[in-house]
Amino acid sequence: MNNLVEYFSNEEIDEIEVLFDGTEAMIVDGSEIICFRVLLDIIQEKNTIADVTRTELLTSYAQLKGLKETFASFGFVDTTVLESIVNKSKDLFRYELKKRQT
């Protein structure tokens, strides 16, 4: 078990998997939705966070934030778990990017 499996709750990991399945190969405004693939690859130890490029980290966070806002705008979708995923991802990605600067 790796640190991200411990960092994200089982409910959050399940949500990431469901959202990955729902957005796999989806293109929005000419860009593929990669945020859930990036998270799952790290959680499932297919990649380490150090293997993810700066661009992928920034894109993933922007996509997560945008999807959370989109789902929240529907009004009938509970985004509580997604909000938690976004907040934890933000902290995780920020920590990794800061680590790379030093």
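Shown above is the structure to which this text applies.
Residues numbered from 1 in each chain as written. Predicted model: local features only at pLDDT ≥ 70, side-chain atom pairs only at ≥ 80, totals over all residues. Heavy atoms only, no water.

Draft legend 1. Up close: a negative patch on the surface. A surface patch of negative charge is lined by E11, D14, E17, D21, E24, E32, D78 and E83. A per-element tally of the negative patch places helix α2 (residues 10-23) first, with four residues. When you line up the elements, E83 lands in helix α5 (residues 80-101). (Patch = residues over 30% accessible without salt bridge, like charges linked within 9 Å, V, L, I, M, F, W, Y side chains within 5 Å. Areas by Shrake-Rupley, 256 points an atom, 1.4 Å probe, with all protein chains shown as cover. Salt bridge = Lys/Arg side-chain N within 4 Å of Asp/Glu carboxyl O. Lys, Arg positive; Asp, Glu negative; His and termini not counted. Charge placed at Lys NZ, Arg CZ, Asp CG, Glu CD. Helix = DSSP H or I, 4+ residues; strand = E, 2+ residues; numbered from the N terminus.)

Draft legend 2. Representation of the nonpolar core. Ranked by internal contacts, the top residues of the largest apolar core, which has 26 residues, are F8, I16, F36, L39, L64, I85 and F93. Elements with a minimum of two residues in this core: α2, α3 (35-43), α4 (54-73) and α5. Setting aside chain neighbours within four positions, we find F36 in contact with I16, L19, F20, T23, L64, L67 and L82. (Core = buried A, V, L, I, M, F, W, Y, C linked by side-chain atoms within 4.5 Å. Buried < 20%, exposed > 50% of the residue type's maximum accessible area, 1.4 Å probe, protein only. Contact = heavy atoms within 4.5 Å.)

Draft legend 3. Unusual backbone geometry, seen in detail. The phi dihedral of A25 falls on the positive side, at around 65°, and the residue is not glycine. Looking at where A25 falls in the secondary structure, it is placed in the loop between α2 and β1 (27-28). A positive phi angle, near 60°, is found at E45, a position not held by glycine. A relative accessible area of 53% means that E45 is categorised as exposed.

Draft legend 4. Quick peek at α5. An ideal rise of 1.5 Å per residue puts 32 Å on 22 residues; α5 measures up with 32 Å between its terminal C-alpha atoms. When α5 is considered as a whole, its buried residues turn out to be V81, L82, I85, V86, S89, L92, F93, E96 and L97. Buried residues of α5, viewed axially, fall in a sector of 140°; they line one side. Among the exposed residues of α5, those oriented more than 90 degrees off its buried face are T80, R94, Y95, K98 and Q101. (Expected span 1.5 Å × (residues − 1). Arc of directions from axis to C-beta.)

Draft legend 5. A look at the pattern of salt bridges. With the rule as written, the count across this model stands at four salt bridges. A salt bridge links D41 to R37, with the nearest nitrogen and oxygen atoms 3.7 Å apart. Of the two residues, D41 and R37 are both situated in helix α3; the distance of four residues between them amounts to about one turn of the helix. Given a relative accessible area of 28%, R37 falls into the partly exposed group. One salt bridge connects R100 with E96, and the closest N-O pair in it is separated by 2.9 Å. Of this pair, R100 and E96 both sit in helix α5, four residues apart, which is roughly one turn of that helix. Salt bridges here are not isolated pairs; linked through shared partners, they connect E96, K99 and R100.

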